[in-house]
Amino acid sequence: MEWNFQTAEELAAALRAGEVTSAELTDEAIARIERDDKAINAICVPDFDRARAAARGADQARARGEDRPLLGIPVTVKESYNVAGLPTTWGMPQHRNYMPAEDAVQVSRLKAAGAVVLGKTNVPFGLQDVQSFNEMYGTTNNPWDHGRTSGGSSGGSAAALASGFGALSIGSDLAGSLRTPAHFCGVYAHKPTLGLAATRGMVPPLTPALPTDLDLAVVGPMARTARDLTFLLDVMAGPDPLTLGVAHDLKLPPARHERLCDFRVLVLDNHPFIPSGAAVRAGVHRVADALVDGGARVERHSPLLPDLTEAAVLYTQLLFSSSVARFPIEAYEELRTRAAGLSADDQSLDAARLRGMVFSHRDWIEANSLRELHRHGWRQFFAEFDAVVCPITPTPAFPHDHDPDPRERRIDIDGVEYPYFDQLVWAGLATMPGLPATAIPAGRSPEGLPVGVQLIGPMFEDRTPLRLAELLEQKIGGFQAPK
């Protein structure tokens, strides 16, 4: 039997039933990587010897009667996670020889759950792109069209899943880095509520692996089905044992509803800052039609929705305020000069990026206060709705664009060009207030490329968008392997 595209849930059942061994699953996954990854370049740091040893250990543990959630299941890990004995570079050549001494907390949780780590997946330089390429490891191609990007920054993980290289993967998300690659490659991903899953050890090279609270970034699961996302989130979720975990135990509330007909959903297909291409709008409408057909209450407008324009500007400022924190003082002063020259009437996202880069602490406090007002607005919104369905980016996967100055890049939306970074506004809709968001496949473009949408849910009610994702998968279908 071909096991590489089976779900983690199916593999767990087969392992328990004795239909296959972890050693067999691992050998089959490695054989597929060795055969197909030359064209995809998803696995940048293979760890096959230790994977085979871990698989043998999993089989021995099962023979002793052990049964852990991921026991014997092959998985991959984004390169940005510390894995003891493997390099952590974030795609930066100057750190090619850096090897952390300890696993990231999420890698430890994977191993404790019995997972077999096949290796690490490719990322962009410094995790700072919507594509996954760097000088050290090269370019990760989209499994559906090798001339297009797999997305970023968890692009290697999404491409690996779409190619059958392991049943699960873990990534991270600050500007759509879980959701965009899932959308581009036709797989599933979940951006958890901010703070739900401990991030310690998912840090740049040489940075101490401390249990810090991140402002926007999260770590989260990627899979080929919605149920597998929930399966993996249950392994990942929970506070860091060094901080809140000392006194807190996690208990996520159940999904608000079990049936599609009980969900109340707002559907959005266009943003005031950037239009959605026809292929993406079609994906949103396909999901909306499935919701209506399933009896859900679907609305297209609501006065309760926080202002999208203000949210996009606020997200952009918060995102870019952190990006220059360690810039050399000369570069920072140059940015200050440029920002001072902006017209007060310039309310573009380019202006928001530049203003955010030179935020004072006072500016940041004011922006954070506005964010809290948005969070309160979302609480009021989710008293009347259960989820928002909307795009992840305005287009399917685009052709590789490695212009060294991202400010010169453009995103083509149905023949009209827009600034490259403007496509981040949809990712920011959930990221800025810290809401959970589940990326699901929603069909194909006319060119045959995957198209995904995101389901945004209430804070710390991650099981609600995950359950909606599962119900929609049953209604419209889900992952399909690239031909």
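All values reported here derive from a predicted model rather than from experimental measurement. Each residue is numbered by its place in its chain's sequence as written, counting from 1. In keeping with the model being predicted, local features are shown solely for residues with a pLDDT of at least 70 and side-chain atom pairs are shown and tallied solely at 80 or more, while totals for entire chains, interfaces and linings include all residues. To obtain the side-chain values, all non-hydrogen atoms of the structure were used and water was disregarded.

Describing the overall build of the protein chain
Secondary structure summary: the protein chain contains 14 helices and 17 strands in total. The C-alpha extent of the protein chain, read off along each of the three principal axes, is 70 × 55 × 50 Å. Pairs of residues are marked as contacts when any of their non-hydrogen atoms sit within 4.5 Å. Summarising the internal contacts of the protein chain: among those between residues at least 6 apart in sequence, 76% fall at separations of at least 24. With an accessible surface of roughly 19,000 Å², the protein chain has 52% of that area assigned to carbon and sulfur atoms. Seen as two clouds, the 46 positive and the 60 negative side-chain charges of the protein chain have centres 3 Å apart. Under the scheme used here, helices are H or I runs from DSSP no shorter than 4 residues and strands are E runs no shorter than 2 residues, and both carry numbers assigned from the N terminus. Note on areas: Shrake-Rupley, 1.4 Å probe, and residue coverage restricted to the protein chains presented here. Note that His is not counted, nor are the chain ends; the positive residues are Lys and Arg, and the negative ones are Asp and Glu. For this purpose, a charge sits on NZ of Lys, CZ of Arg, CG of Asp or CD of Glu.

Examining the UniProt feature "domain: Amidase" (unreviewed entry) in the protein chain
UniProt positions are given in the numbering used here, feature names are shortened, and annotations may be inferred rather than shown by experiment. The sites that carry the UniProt feature "domain: Amidase" (unreviewed entry) are, in the present numbering, residues 24–464. Helix makes up 34% of residues 24–464 and strand 17%, and the two end C-alpha atoms of the span are 35 Å apart.

Focus: helix H3 (residues 48–63)
An α-helix turns once per 3.6 residues; consequently, residues spaced three or four apart project the same way. When the terminal C-alpha atoms of H3 are compared, their 23 Å separation across 16 residues agrees well with the 22 Å that a helix rising 1.5 Å per residue should span. When we look at burial in H3, the residues that qualify are Phe48, Ala51, Ala55, Ala58, Ala61 and Arg62. Looking straight down H3, one finds that the buried residues subtend no more than 130° of arc, so they occupy a single side. For H3, the exposed residues lying more than 90 degrees away from the buried face are Asp49 and Ala63. At its buried positions, H3 is contacted by helix H1 (8–17), helix H2 (22–40), strand E1 (43–46) and strand E3 (116–121). Directly after H3, the chain includes Gly65, whose backbone phi takes a positive value near 100°. The length a helix should cover is 1.5 Å for every residue beyond the first. When accessible area is computed with a 1.4 Å probe and restricted to protein chains, residues below 20% of their type maximum are described as buried, those above 50% as exposed, and intermediate ones as partly exposed. Directions pointing from the helix axis toward each C-beta atom define the arc.

A look at the sheet that holds strand E16 (residues 437–444)
Taken together, the 11 strands give an open sheet; going across it, the order is E1-E3-E2-E8-E10-E9-E16-E17-E13-E11-E12, and neighbouring strands pair in mixed fashion. Looking at which strands have only one partner, the edges of the open sheet turn out to be E1 and strand E12 (297–299). When the angles between neighbouring strand axes are averaged without regard to direction, this sheet yields 30°. Between any two strands, pairing holds if DSSP finds at least two bridges. Where strand E2 (residues 74–78) lies against E3, 4 bridges are found, and the strand directions are parallel. Within E3, the residue paired with Lys78 across the bridge is Thr121. Think of each axis as a best-fit line through the C-alpha atoms, taken over the contacting stretch in the case of a helix, with angles from 0 to 180 degrees between the N-to-C directions.

Side note on the packing of aromatic side chains
Side-chain rings of Phe, Tyr and Trp (the six-membered ring for Trp) are treated as a pair once their centres are within 6.5 Å; stacked means planes under 30 degrees apart, edge-to-face means over 60, and tilted covers the remaining angles. For the structure shown, the criterion picks out 9 aromatic pairs. A centroid spacing of 6.0 Å and a plane angle of 75° characterise the contact between Phe320 and Phe421, whose relative ring orientation is edge-to-face. Taken together, the positions of Phe320 in helix H9 (residues 308–323) and Phe421 in the loop between strand E15 (416–419) and helix H13 (425–431) put the pair 101 residues apart, joining distant regions of the chain. Residue classification places Phe421 among the buried positions, given a relative accessible area of 18%. Taken together, the ring pairs in this structure connect Phe184, Phe320, Phe398, Tyr420 and Phe421 into an aromatic cluster. Sitting over the face of the ring of Phe479, Arg224 holds its NZ or CZ atom 6.0 Å from the ring centroid. The rule for a charge over a ring is simple: NZ of Lys or CZ of Arg within 6 Å of the ring centre, and within 35 degrees of the ring normal. When the ring centre of Phe385 is taken as origin, the NZ or CZ atom of Arg297, which lies over that ring, is 4.9 Å away.

What about the side chain of Asp422?
Following the sequence through the fold, Asp422 ends up in the loop between E15 and H13. For Asp422, a relative accessible area of 8% puts it in the buried group. Beyond its immediate stretch of four places on either side in the chain, Asp422 contacts Ile274, Leu349 and Arg353.

With respect to the side chain of Asp386
Checked against the element boundaries, Asp386 lands in the loop between helix H12 (361–381) and strand E13 (387–391). In this structure Asp386 comes out as buried when scored by relative accessible area, which is 0%. N or O atoms within 3.5 Å of each other form a polar contact, as long as, within protein, one can give a hydrogen and the other can take it, and as long as residues adjacent in sequence are counted only when both atoms are side-chain atoms. Polar side-chain contacts of Asp386 include one of 2.9 Å to the side chain of His257. Apart from the residues within four sequence positions on either side, Asp386 is in contact with Arg256, His257, Asp262, Phe263, Arg264, Ile456, Gly457, Pro458 and Thr464.

Overview of the pattern of salt bridges
What counts as a salt bridge is simple: a side-chain nitrogen of Lys or Arg found within 4 Å of a carboxyl oxygen of Asp or Glu. By the definition in use, this model includes 31 salt bridges. Across the pair Arg50 and Asp47 runs a salt bridge whose closest N-O atoms are separated by 2.9 Å. The exposure class of Arg50 is partly exposed, given its relative accessible area of 38%. Each of Glu9, Arg227, Glu258, Arg467 and Glu470 takes part in one network of salt bridges that share partners.

Observations concerning the environment of Ser348
Residue placement: Ser348 occurs in the loop between helix H10 (329–340) and helix H11 (349–357). Note on Ser348: relative accessible area 28%, which makes it partly exposed. Considered as a pair, Ser348 and Asp422 are 74 residues apart in the sequence and their alpha carbons are 9.6 Å apart. A distance of 2.8 Å separates a polar atom in the side chain of Ser348 from a polar atom in the side chain of Asp346.

A word on the packing of helix H7 (residues 226–236) against helix H14 (residues 463–476)
Two elements in contact, H7 and H14, have axes whose closest approach is 8 Å; the angle formed by their N-to-C orientations is 155°. Regarding the angle of H7 to H14, the classification is roughly antiparallel. Together, Ala226, Arg227, Leu229, Thr230, Leu233 and Asp234 of H7 and Arg463, Leu466, Ala469, Glu470 and Glu473 of H14 make up the contact between the two elements. For the contact of H7 with H14, the residue count by class is 5 nonpolar, 1 polar and 5 charged. An angle below 35 degrees is treated as roughly parallel, one above 145 as roughly antiparallel, one from 65 to 115 as roughly perpendicular, and anything else as oblique. We call Asp, Glu, Lys and Arg charged. Ala, Val, Leu, Ile, Met, Phe, Trp, Tyr, Cys and Pro are nonpolar, and the rest, Gly among them, are polar.

Some words on the pairing of strand E17 (residues 450–456)
Burial runs high along E17: 7 of the 7 residues are buried. By the alternation rule, side chains of E17 split into Pro450, Gly452, Gln454 and Ile456 and Val451, Val453 and Leu455, which are all buried. The pairing of E13 with E17 spans 4 bridges and is antiparallel. Bridge assignment links Val388 to a residue of E17, and that residue is Ile456. Here E16 pairs with E17 via 6 bridges, running antiparallel. Bridge pairing links Pro441 to Gly452 in E17. Remark: 5 residues form the turn of the hairpin made by E16 and E17, two consecutive strands paired antiparallel; Gly448 in that turn has positive phi of roughly 90°.

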